[in-house]
Amino acid sequence: MATHVLHPGASRPRRRVTLDEHLPVDHRLSTVYRVGAGLMGLVLLAFGVFGLIDKVGFFDTRGDTVGGLNTNGALSVLSICVGLLLFVGMVIGGNFASTLNMVLGCAFVLSGFVNLALLDTGLNFLAFRIQNVLFSFVVGVLLMIFGMYGRVGSALPHDNPYWKARHPEQVRHAEHRHTPHPDQAR
């Protein structure tokens, strides 16, 4: 057992886990990923459009307030682009939407930390304030939750496609056990 930790490839070959990239259209996981991407995309798109309507300067660091959050032209355009990307994820659905939600969720959390460090500096070209940082954290965590739903956890059901991808031996064993012997099929 200790040799596995020290030399993982020494005793058995590493297997590569691959996921079936296609979930059934009506699979409940795909619905969660789509709804999550769509809701967050709608919020970001609305924020960006209202920010552009205010005609704030593109890199205006004093910012203007939209929905309680500071914005400028650059942040508005960025919000619209990310919102549209989330809508693309909603349309495609499946594993793509899940992965997109997780990646963008991590990016939002990282953006919150970066912009927290840039508050009250000359490098704060997106006009972030503390409420923007908190919004970034909340949106990031929500996107990660929507993206990870049904993908990670200790108690995934055995019909879950992600559980099946991680436990191919048990799936083969269960299929073999439920397949009738050719002599019994008659």
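Residues numbered from 1 in each chain as written. Predicted model: local features only at pLDDT ≥ 70, side-chain atom pairs only at ≥ 80, totals over all residues. Heavy atoms only, no water.

Some thoughts on the overall build of the protein
Now for step 1: Check the secondary structure of the protein and you find eight helices and two strands.
Now for step 2: Ordering the α and β elements of the protein from the N terminus gives α-α-α-β-β-α-α-α-α-α.
Now for step 3: Here the protein holds 186 residues, and 37% of them are scored as buried.
Now for step 4: Taking contacts inside the protein between residues at least 6 apart in sequence as the whole, the part at least 24 apart equals 68%.
Now for step 5: Just so you have it, the protein exposes about 11,700 Å², and 67% of that area is on carbon and sulfur atoms. (Helix = DSSP H or I, 4+ residues; strand = E, 2+ residues; numbered from the N terminus. Buried < 20%, exposed > 50% of the residue type's maximum accessible area, 1.4 Å probe, protein only. Contact = heavy atoms within 4.5 Å. Areas by Shrake-Rupley, 256 points an atom, 1.4 Å probe, with all protein chains shown as cover.)

A look at the side chain of Asn 70
Now for step 1: Among the structural elements, Asn 70 can be located in strand β2 (residues 69-71).
Now for step 2: A relative accessible area of 7% places Asn 70 in the buried class.
Now for step 3: Leaving out residues up to four positions away in the same chain, Asn 70 has contacts with Phe 47, Arg 62, Asp 64, Thr 65, Leu 75, Ala 127, Arg 129, Gln 131 and Asn 132.

Focus on the packing of helix α5 (residues 94-118) against helix α6 (residues 130-148)
Now for step 1: It is at 7 Å that the axes of α5 and α6 come closest, and there the two elements cross at 160 degrees. Between α5 and α6, the crossing angle belongs to the class labelled roughly antiparallel. Like other packed secondary-structure pairs, α5 and α6 cross with a definite hand, here left-handed.
Now for step 2: Among the residues forming the contact of α5 with α6, the class breakdown is 16 nonpolar, nine polar and no charged. (Axes fitted to C-alpha atoms, helices over the stretch in contact; angles between N-to-C directions. Parallel < 35°, antiparallel > 145°, perpendicular 65-115°, else oblique. Left-handed = near helix turned anticlockwise from the far one by under 90°. Nonpolar A, V, L, I, M, F, W, Y, C, P; charged D, E, K, R; others polar.)

Focus: the nonpolar core
Now for step 1: With 12 residues, the main nonpolar core is built from Phe 47, Val 66, Leu 69, Ala 74, Leu 75, Val 109, Leu 119, Leu 126, Phe 128, Val 133, Phe 137 and Met 144.
Now for step 2: Going through the elements one at a time, α4 (73-92) and α6 are the ones with two or more residues in this core.
Now for step 3: The biggest single contributor to this core is α6, with three residues.
Now for step 4: Setting aside chain neighbours within four positions, we find Val 109 in contact with Ser 136, Phe 137, Gly 140, Val 141 and Met 144.
Now for step 5: In this structure, Met 40, Leu 86, Leu 100 and Phe 108 belong to the second largest nonpolar core, which totals 10 residues. (Core = buried A, V, L, I, M, F, W, Y, C linked by side-chain atoms within 4.5 Å.)

What to know about the packing of α4 against α5
Now for step 1: Two elements in contact, α4 and α5, have axes whose closest approach is 7 Å; the angle formed by their N-to-C orientations is 155 degrees. Between α4 and α5, the crossing angle belongs to the class labelled roughly antiparallel. Along this stretch, α4 crosses α5, giving a crossing that reads as left-handed. Here Val 82, Leu 85, Leu 86, Val 88, Gly 89 and Ile 92 of α4 come into contact with α5, specifically with Gly 94, Phe 96, Ala 97, Leu 100, Asn 101, Leu 104 and Phe 108.

Digging into α5
Now for step 1: End to end, α5 covers 36 Å across 25 residues, agreeing with the expected 36 Å (1.5 Å per residue, within 8%).
Now for step 2: Positive phi appears at Asp 120, one or two residues downstream of α5, with a value of about 60 degrees. (Expected span 1.5 Å × (residues − 1).)

Focus: unusual backbone geometry
Now for step 1: Here the phi dihedral of Asp 120 falls at roughly 60 degrees; this positive angle occurs in a residue that is not glycine.
Now for step 2: Topologically, Asp 120 is positioned in the loop between α5 and α6.
Now for step 3: Located in the positive-phi region is Ala 127, a residue other than glycine, with phi close to 60 degrees.
Now for step 4: Position of Ala 127 relative to the elements: it lies in the loop between α5 and α6.
Now for step 5: On the basis of relative accessible area, Ala 127 is assigned to the buried category, the value being 0%.

Points about the environment of Gly 93
Now for step 1: Residue placement: Gly 93 occurs in the loop between α4 and α5.
Now for step 2: Among the residues examined, Gly 93 registers a relative accessible area of 4% and is labelled buried.
Now for step 3: Linking Gly 93 and Val 35, residues 58 residues apart in sequence, is a C-alpha distance of 9.2 Å.
Now for step 4: Ignoring any residue separated from it by four or fewer positions in sequence, one finds Gly 93 in contact with Ser 30 and Arg 34.

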